[in-house]
Amino acid sequence: MPALALLSATFVVLFEQLVQWKYGPAGIVGLLLLTVGIKAKSPAVSSAGAVVLALLITGPAR
């Protein structure tokens, strides 16, 4: 069980670093909003985080 917890914590940290490297501070804010919204069971906050991440991934409209 401790190995699974260590593996999942490592994955989360690596994923956060990847998001920050690729999308910058706005990516971290979107990921934070999504995570907090899911943990707090708040659809508005998690939706805001998902929208921020979706906008960052799709890029600007041309």
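Residues numbered from 1 in each chain as written. Predicted model: local features only at pLDDT ≥ 70, side-chain atom pairs only at ≥ 80, totals over all residues. Heavy atoms only, no water.

Engineer: Explain the overall build of the protein chain to me, and be specific about the residues and the numbers.
Structural biologist: From N to C terminus, the protein chain includes two helices and zero strands. A globule of 62 residues ought to have a C-alpha radius of gyration of about 11 Å, yet the protein chain, at 13 Å, is considerably larger. Its C-alpha atoms put the protein chain at 45 × 25 × 15 Å along the principal axes. For the protein chain, the proportion of its 62 residues judged to be buried stands at 15%. When the accessible surface of the protein chain is split by element, carbon and sulfur atoms take 76% of a total near 4,900 Å². (Helix = DSSP H or I, 4+ residues; strand = E, 2+ residues; numbered from the N terminus. Rg over C-alpha atoms; globule rule 2.2 N^0.38 Å. Buried < 20%, exposed > 50% of the residue type's maximum accessible area, 1.4 Å probe, protein only. Areas by Shrake-Rupley, 256 points an atom, 1.4 Å probe, with all protein chains shown as cover.)

Engineer: How would you summarise the packing of helix H1 (residues 2-40) against helix H2 (residues 43-58) if you had to cite specific residues and measurements?
Structural biologist: With their axes 7 Å apart at the nearest point, H1 and H2 run at an angle of 150 degrees to one another. Here H2 runs roughly antiparallel to H1, going by the angle between their axes. For the pair H1 and H2, the crossing hand works out as left-handed. Counted together, Tyr23, Ala26, Gly27, Gly30, Leu31, Leu33, Leu34, Gly37 and Ile38 of H1 and Val45, Ser46, Ala48, Gly49, Ala50, Val52, Leu53, Leu56 and Ile57 of H2 form the full contact between these two elements. Looking at the contact of H1 with H2 residue by residue, the classes come out as 13 nonpolar, five polar and no charged. (Axes fitted to C-alpha atoms, helices over the stretch in contact; angles between N-to-C directions. Parallel < 35°, antiparallel > 145°, perpendicular 65-115°, else oblique. Left-handed = near helix turned anticlockwise from the far one by under 90°. Contact = heavy atoms within 4.5 Å. Nonpolar A, V, L, I, M, F, W, Y, C, P; charged D, E, K, R; others polar.)

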